Amino acid sequence: MKVTTEKKPRSILELTVELDKQQIEKALDRAARRMSQKYNIPGFRKGKAPRFIVENYFGREALLEEASDDLIQKAFQDALKQEGIEPYAQAHLTDVNLTEAPYRFTVEVPVAPTVVLPDYRAIHVPLEIEEVTDETVNHAMEIRRDRHVVLRALDEPRPAQPGDQLTVQIETFVDGEPLNPRAEGEDIPQSTLVLDPERIVPGLYEALVGVSPNTMVDVTVRMSDDHENERVRGKDVRFVVNVLDIQERLLPEWDELPALENFEGTLDELREQTRKELIESARKKAEDDVFVEYVRQVVAATTFDLPDALIVREADSILREREAEFERYGISAEQIYEAQGKKRDDLIEELKPVAEERAKRGLVLREIAKAEGLAPDESEIAREVEDIVASMEEERRDSARTLLETELRPFVVAGIVDRKLRRRILAIATGDPSFEQAASPEAASEPESADGGEAQTVDTHINSAPVDDVSTETPIVSQEENGESVENQSVVDVATPEARTE
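Worth saying up front: this structure is predicted, and the values here are computed from it rather than measured. (Residues numbered from 1 in each chain as written. Predicted model: local features only at pLDDT ≥ 70, side-chain atom pairs only at ≥ 80, totals over all residues. Heavy atoms only, no water.)

K.L.:
Looking at this model, I keep getting lost on the overall build of the chain. Mind explaining?
P.N.:
Of the regular secondary structure elements, the chain holds 13 helices and 15 strands. For the chain, the proportion of its 502 residues judged to be buried stands at 40%. Of the roughly 28800 Å² of accessible surface on the chain, 47% is carried by carbon and sulfur atoms. (Helix = DSSP H or I, 4+ residues; strand = E, 2+ residues; numbered from the N terminus. Buried < 20%, exposed > 50% of the residue type's maximum accessible area, 1.4 Å probe, protein only. Areas by Shrake-Rupley, 256 points an atom, 1.4 Å probe, with all protein chains shown as cover.)

K.L.:
Can you help me understand the pattern of salt bridges in this one?
P.N.:
Where charged atoms of side chains with opposite charge meet at close range, the side chains can pair. Counted under the stated rule, the structure contains 46 salt bridges. A salt bridge links R10 to D308; the shortest N-O distance between them is 3.0 Å. Here R10, found in the loop between β1 (2-8) and β2 (12-19), pairs with D308, found in helix α8 (residues 308-328); they are 298 residues apart in sequence, far enough to count as distant. Connected via shared salt-bridge partners are R10, D308, E356, E357 and K360. (Salt bridge = Lys/Arg side-chain N within 4 Å of Asp/Glu carboxyl O.)

K.L.:
How should the packing of aromatic side chains be read in this particular structure?
P.N.:
The description of an aromatic ring pair rests on the distance of the ring centres and on the angle between the ring planes. Evaluation of the coordinates by the stated rule reveals 0 aromatic pairs. The ring centre of F173 lies 5.4 Å from the NZ or CZ of R238, which sits over that ring. Stacked on the ring of F291, the Lys or Arg R422 has its end atom at 5.5 Å from the ring centre. (Phe/Tyr/Trp six-rings, centres within 6.5 Å; stacked < 30°, edge-to-face > 60°. Lys NZ or Arg CZ within 6 Å of the ring centre and 35° of its normal.)

K.L.:
I tried to follow the pairing of strand β7 (residues 165-174) on my own but got confused; where do I start?
P.N.:
Put simply, side chains in a regular strand alternate between the two faces of the sheet. Of all 10 residues that make up β7, 10 are buried, and the element is covered over most of its length. What you see with β7 is no split at all: Q165, T167, Q169, E171 and F173 on one side and L166, V168, I170, T172 and V174 on the other are buried throughout. Direction of pairing for β7 relative to strand β9 (residues 190-194): antiparallel, over a ladder of 5 bridges. Counterpart to T167 in the pairing with β9 is T192. Of the strand pairs in this sheet, β7 and strand β8 (residues 177-178) are connected by 2 bridges, and their pairing is antiparallel. Residue F173 lies in a different strand from β8, and its bridge partner there is P178. Linking β7 to β8, which pair antiparallel, is a turn of 2 residues; within it D175 sits at a positive phi near 55 degrees. (Pairing = 2+ DSSP bridges.)

K.L.:
Explain the packing of helix α7 (residues 267-301) against helix α10 (residues 344-371) here, please?
P.N.:
Helix-helix packing is characterised by the crossing angle of the two axes and by the distance between the axes. At a minimum axis separation of 10 Å, α7 and α10 run at an interaxial angle of 95 degrees. Considered as vectors, α7 and α10 are oriented roughly perpendicular to each other. Between α7 and α10, the residues in contact are F291, Y294, V295, V298 and V299 and E357, K360, R361, V364, L365 and I368, respectively. Within the contact of α7 with α10, the residues separate by chemical class into 8 nonpolar, no polar and 3 charged. (Axes fitted to C-alpha atoms, helices over the stretch in contact; angles between N-to-C directions. Parallel < 35°, antiparallel > 145°, perpendicular 65-115°, else oblique. Contact = heavy atoms within 4.5 Å. Nonpolar A, V, L, I, M, F, W, Y, C, P; charged D, E, K, R; others polar.)

K.L.:
I keep staring at the confidence of the model for the chain and nothing clicks. Help me out?
P.N.:
When pLDDT is averaged along the chain, the result is 84; 87% of the residues meet or exceed 70. Element-level mean pLDDT values for the chain span from 36 in strand β14 (residues 454-457) up to 97 in α7. Low pLDDT, under 50, characterises residues 440-502; the stretch is placed with 153 contacts to residues that sit more than four places away or in other chains. (pLDDT = per-residue confidence, 0-100.)

K.L.:
For this particular structure, what's the right way to read helix α1 (residues 21-38)?
P.N.:
Residues separated by three or four positions in an α-helix point in the same direction, a consequence of the helix having 3.6 residues per turn. Its 18 residues give α1 an end-to-end C-alpha distance of 26 Å, which sits within 8% of 26 Å, the value for a rise of 1.5 Å per residue. Turning to α1, its buried residues number three or more, namely I24, A27, L28, A31, A32, M35 and S36. (Expected span 1.5 Å × (residues − 1).)

K.L.:
So what exactly am I meant to see when it comes to unusual backbone geometry here?
P.N.:
When glycine is set aside, most residues are seen to have a negative phi, and most peptide bonds are trans. We note that D175 has phi near 55 degrees; this positive angle belongs to a residue other than glycine. Position of D175 among the secondary structure elements: in the loop between β7 and β8. With a relative accessible area of 58%, D175 lands in the exposed category. Of note in the backbone geometry, N214 takes a positive phi value of approximately 60 degrees without being a glycine. Its place among the elements puts N214 in the loop between α5 (204-208) and β10 (215-222). Overall, N214 belongs to the exposed group, its relative accessible area being 67%.

Quick look at the structure:
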């Protein structure tokens, strides 16, 4: 059997398999036996008609059609073994000729992605830790105090005052269109606003101070040119607010705060503890920023050849994550799709650009982990298992240990590699080898990033198994010849950055 291959873009390997006449004849013999067993042929019992009778009765084209699936599948599997090819996803039959010599067929086979890393050790990103000032600490203390606010209904109706909490229905319009469209007939969801100039954009805040319950406020505000929400950046945004209720917010006295926070110490000691936490948080954020920027630069300099199957799989994974989030809020994915007037396949298509970028990041991280030799040894795996088991209730430890050492072993390995990879990347990016000694589990958390206006997570997870495991017994499932073939809307969407708190 003669097999020729041609590498094509998107990790496609085109296989042309040429068959000899003997293979064709044997396939036709087998097809004739099957047809004689399935159909009544005059003058013969089922299964007894010779091939030439079957061929004369049904015609050679019918016999070839019966033979083609079996013949092509067997020849395809033989060709994969002969050439040492491992398909990454389902192959695609593009051309068939079994009627005259040369007998051959052509198959497009997706193969594993190709990733060529740059000199990633030459890429450096400075670690810039934001200073924690007294003002920063004061703001954090205000947030602590705000956690223990008590809401009280007004004794008598009055206009809204600074510090009040408003229950509202709010619609936001940009360029004359709703910022968050709703399904036809769907009610405007209720949300709450705290009348604080640091929590509400200027213009809207002033319009709400002094408003009474059961009042509509319609105000247009020019957003700043550097607003973090690019959809409203530098634009006039119209807010239509229906004020339903006003409540007074009662904050605790400062000297009550340590007890309310379950802190054993004085207010000054709580303040100092808060400062330490902010310093640690600032360092963590700086490390996250280094990690994100370093990976971004490596991805930009990497050469990729990715199969479409990988992008579709990644898009499906993203959509499944969103669907799981909907389910947690008691909303079925079907309800969301119906409201959007879209099908799941439409959303998969829309997610492909985001999915491709996420796939690239994951592949780059996996290749760096391989290049750096970060696979754990047995002693590391054993320690990881024991650390996990030690955090469990005693009666569950034996069964958990067995599970972690068998079925869940790949996840244990992946967790170790995640942490080692993060520390190694921070050491390479900053030139500071001390990161290699920072072995706390917190170092493996996933930093947040924003790409194209959509919040994403840079996944440091490195799957120990192949991205897709497609057996060489996978059939050709697609045949083609000659190329024919919910979240409540609120003002937080356009709030000042200071309004966004942890």
